[in-house]
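# Structural overview
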Amino acid sequence: MTDAGADLVILGGGSGGYAAAFRAAELGQSVVLVEKDKLGGTCLHRGCIPTKALLHAAEVADTARDGEQFGVKTTLEGVDIAGVNKYKDTIISRLYKGLQGLAKAHQVTLVEGTGTYVGGTTVEVDGRRYTGKNLILATGSYSRTLPGLELGGRIIASEDALSLDYIPEKVVVLGGGVIGVEFASVWASFGVDVTIVEALPRLVPNEDEFASKQLERAFRRRKIGFKTGVKFTGAKQDANGVSVSLETGETLEADLLLVAVGRGPNTAGHGYEEAGVRMERGFVLTDDRLRTNIPNVYAVGDIVPGLQLAHRGFAQGIFVAEEIAGQNPRAIDEAGIPRVTYSHPEVASVGLTEAAAKDKYGSGVTTFTYDLAGNGKSQILKTSGAVKLVKAPDGPVVGLHLVGDRVGELIGEAQLIYNWEAFPEDVAPLIHAHPTQTEALGEAHLALAGKPLHVHS
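Attention in this report is confined to the structure presented alongside it. (Residues numbered from 1 in each chain as written. Predicted model: local features only at pLDDT ≥ 70, side-chain atom pairs only at ≥ 80, totals over all residues. Heavy atoms only, no water.)

## Some points on the sheet that holds strand 15 (residues 256-259)
Spatial ordering of the open sheet is given by 8-15-9-10-11, a layout of 5 strands whose pairing is parallel. For this open sheet the edge positions go to strand 8 (155-156) and strand 11 (225-228), each flanked by a neighbour on one side alone. As paired elements, strand 9 (residues 170-174) and strand 10 (residues 193-198) share 5 bridges and run parallel to each other. Paired with V173 across the strands is I196, a residue of strand 10. Sheet contacts for helix 6 (residues 178-189): strand 9, strand 10 and strand 15; angle to strand 10, the most-contacted strand, approximately 165°. (Pairing = 2+ DSSP bridges. Helix = DSSP H or I, 4+ residues; strand = E, 2+ residues; numbered from the N terminus. Contact = heavy atoms within 4.5 Å. Axes fitted to C-alpha atoms, helices over the stretch in contact; angles between N-to-C directions.)

Here is the structure:
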């Protein structure tokens with residue numbers, strides 16, 4: 001067994017791991033990055049990127065189907081799933097090659113293989129040990145299922161859904177969170193009969209209740225079925241399909257059951273617990289500087305309790321690299337991380353929900369909702385939705401919630417407003433180009449600042 005040393009060893013090459021590697025290298029550190037699969041991790045190969053490629057293909061299908069409403073004579077002859085997959089895979093391939101080139105340019109040593117944490121700041125891969133002055137654990141997450149519900153055959157996870165070589169006729173989606181509603185949106189655009197089953201009272205239950213109601217209204221118009229507040233009790237499959245049982249006694253028949261009940265931390269089998277890393281429910285516990293209980297060992301990304309988002313892991317990776325280099329970066333505010341669900345329509349948010357703001361600040365919280373019916377660009381796009389602001393008593397805007405097509409592109413300004421701790425009066429004078437959807441943010445802040453224009457009093 002041979003030991004190799006470096007300033008920094010990283011276990012996991014997903015968004016958090018490679019961001020930490022590249023930033024540490026820029027700061028003069030020697031870096032060893034261990035990855036058992038492909039650089040880029042779940043986000044690039046089996047998550048964010050391929051899913052959003054499918055969603056864009058779905059948008060193109062909807063545009064072709066509905067061209068007449070814009071005065072353009074188009075028809076949708078069908079969806080060539082092989083062509084869709086080729087388009088998706090080409091994007092992944094290009095980005096993957098780009099990442100590989102960046103790793104080489106940063107002189108990061110890539111080690112392919114399954115790494116095991118063996119204590120201290122050492123990782124073992126295929127009998128060889130790599131020890132760093134510091135170590136980052138960044139092993140990501142996996143698709144969860146429910147007790148007694150085994151994945152396989154017609155019961156699939158999101159990774160399987162991304163690689164289907166056919167379009168099913170009928171699908172049940174178990175879970176109405178981000179992953180569930182995104183796949184439901186894709187399949188509905190492709191002409192699939194979709195029903196979502198969600199045990200909690202509403203779709204996207206982690207979002208503000210306003211956003212859930214807006215999305216549910218839009219899904220009803222799109223004829224996407226959903227059953228909320230209903231628990232799943234079992235599923236049986238055969239060569240012809242899958243039967244999904246609910247606690248109400250109802251049975252849903254479908255070609256496929258997509259299990260989209262969230263993601264779990266990928267920590268089992270990596271030696272964390274055996275080496276004494278403090279954990280809870282499979283997650284690695286850290287302080288606000290992302291330090292574990294073991295000296296010089298950090299953790300980032302989906303294995304740390306909190307939002308399981310690629311850009312959160314990316315930011316944490318940069319943070320830890322700068323922390324190790326002694327730059328004393330500002331701790332990451334979890335509420336200041338933007339969140340986007342890329343369904344049709346999209347749901348985007350940053351900061352606190354109205355309920356969370358009232359829990360924190362009391363009854364003096366104020367809100368304002370601006371309907372996209374008053375926004376020219378949204379009318380051009382023929383999208384409905386709204387922007388909701390949540391304001392602390394005598395304080396700044398502490399929550400921004402948006403629903404509508406393409407509102408994910410507005411979250412950049414929204415997160416600046418939240419992280420700036422801006423008051424409505426700070427944002428109201430800013431000029432928003434016309435006609436753009438960003439005007440909706442401007443109009444909402446004008447109204448909350450006491451200067452409403454394109455709103456009914």
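From this point on, the discussion continues.
## Side note on unusual backbone geometry
Across the junction of H344 and P345, the peptide omega takes the value 5°, indicating a cis bond. As for its placement among the helices and strands, P345 is situated in the loop between strand 20 (339-341) and strand 21 (346-351). Here the bond from H434 into P435 is cis, since omega is -5°, no more than 30 degrees from zero. Positionally, P435 belongs in the loop between helix 12 (424-427) and helix 13 (438-448). The phi dihedral of D126 is positive, around 50°, even though this residue is not glycine. What makes D126 exposed here is its relative accessible area of 68%. Positioned with a positive phi, R406 is a non-glycine residue whose angle comes to about 70°. (Buried < 20%, exposed > 50% of the residue type's maximum accessible area, 1.4 Å probe, protein only.)

## Let's talk about the nonpolar core
In this structure, I10, I136, L137, Y272 and V320 are the most contacted members of the largest nonpolar core, which totals 47 residues. Breaking this core down by element, the ones donating at least two residues are strand 1 (3-11), helix 1 (15-26), strand 2 (31-35), helix 4 (81-105), strand 5 (122-125), strand 6 (128-137), strand 19 (297-299) and helix 8 (310-324). With residues near it in sequence (within four places) discarded, Y272 still touches L11, Y117, L137, A138, T139, T267, V277, M279, V284 and I303. Within the second largest apolar cluster, 37 residues are counted, among which are L55, A61, L203 and A211. (Core = buried A, V, L, I, M, F, W, Y, C linked by side-chain atoms within 4.5 Å.)

## What to know about the packing of aromatic side chains
Enumeration according to the criterion identifies 4 aromatic pairs in this entry. Ring centres of Y18 and F314 lie 6.1 Å apart, and the angle between their planes is 70°; on these two criteria the pair is classed as edge-to-face. Of this pair, Y18 sits in helix 1 while F314 sits in helix 8, placing them 296 residues apart in sequence. Assessed through its relative accessible area of 16%, Y18 is described here as buried. With relative accessibility at 35%, the residue F314 sits in the partly exposed group. Measuring from ring centre to ring centre gives 5.6 Å for F183 and W187, while their planes differ by 40°; the resulting arrangement is tilted. Of this pair, F183 and W187 both sit in helix 6, 4 residues apart, which is roughly one turn of that helix. Grouping residues by exposure puts F183 and W187 together as buried. Among the aromatic side chains, those forming a connected cluster through ring pairs are Y18, F22 and F314. (Phe/Tyr/Trp six-rings, centres within 6.5 Å; stacked < 30°, edge-to-face > 60°.)

## Focus: the environment of P329
Counting through the fold element by element, P329 comes out in the loop between helix 8 and strand 20. For P329, a relative accessible area of 11% gives the class buried. As a C-alpha pair, P329 and I318 span 11 residues in sequence and 9.3 Å in three-dimensional space. Aside from chain neighbours lying at most four places away, what touches P329 is R289, F319, E322 and E323.

## A few points about the pairing of strand 13 (residues 242-246)
Burial of the side chains of strand 13 is restricted to one face: V242, V244 and L246 are buried, whereas none of S243 and S245 on the reverse face is. In the sheet, strand 12 (residues 232-237) pairs with strand 13 via 5 bridges, with the strands oriented antiparallel. Residue pairing in the sheet places A235 in a bridge with V244 of strand 13. Between strand 12 and strand 13, which pair antiparallel and follow one another directly, the connecting turn spans 4 residues. Note that strand 13 and strand 14 (residues 251-254) share 4 bridges and pair antiparallel. Paired with S245 across the strands is T251, a residue of strand 14. The antiparallel hairpin formed by strand 13 and strand 14 contains 4 residues in its connecting segment, where G249 sits at a positive phi of about 95°.

## Observations concerning the side chain of S141
For S141, the location among the structural elements is in strand 7 (residues 141-143). Within polar-contact distance, the side chain of S141 engages the side chain of R263 at 2.8 Å. Of note is the side chain of S141, whose polar atom sits 2.7 Å from the side chain of D302. The contacts of S141, once residues within four sequence positions are left out, are T42, R263, G264, P265, N266, D302 and Q308. (Polar contact = N/O pair within 3.5 Å; in protein donor to acceptor, adjacent residues only side chain to side chain.)

## With respect to the pattern of salt bridges
Enumeration over the complete set of coordinates arrives at 18 salt bridges. Between E322 and R23 there is a salt bridge, and its shortest N-O distance comes to 2.9 Å. Separated by 299 residues along the polypeptide, E322 in helix 8 and R23 in helix 1 bring together distant segments of the chain. Residues D208 and K388 are paired through a salt bridge, measuring 2.9 Å at the closest nitrogen-oxygen approach. Of the two residues, D208 is situated in the loop between strand 10 and helix 7 (209-221) and K388 in strand 23 (residues 386-391); the sequence distance between them amounts to 180 residues. Look at K388 and you get buried, because its relative accessible area is 5%. Here the salt bridges do not stand alone but share partners, grouping D208, E354, K358 and K388 into one network. (Salt bridge = Lys/Arg side-chain N within 4 Å of Asp/Glu carboxyl O.)

## Examining the packing of helix 3 (residues 48-65) against helix 6
At their nearest, the axes of helix 3 and helix 6 sit 8 Å apart, and the two run at 35° to each other. Between helix 3 and helix 6 the crossing geometry is left-handed. Contacts between helix 3 and helix 6 involve T51, K52, L54, L55, A58, A61, D62 and R65 from the first element and E182, F183, S185, V186 and S189 from the second. A per-class count over the contact of helix 3 with helix 6 returns 6 nonpolar, 3 polar and 4 charged. (Left-handed = near helix turned anticlockwise from the far one by under 90°. Nonpolar A, V, L, I, M, F, W, Y, C, P; charged D, E, K, R; others polar.)

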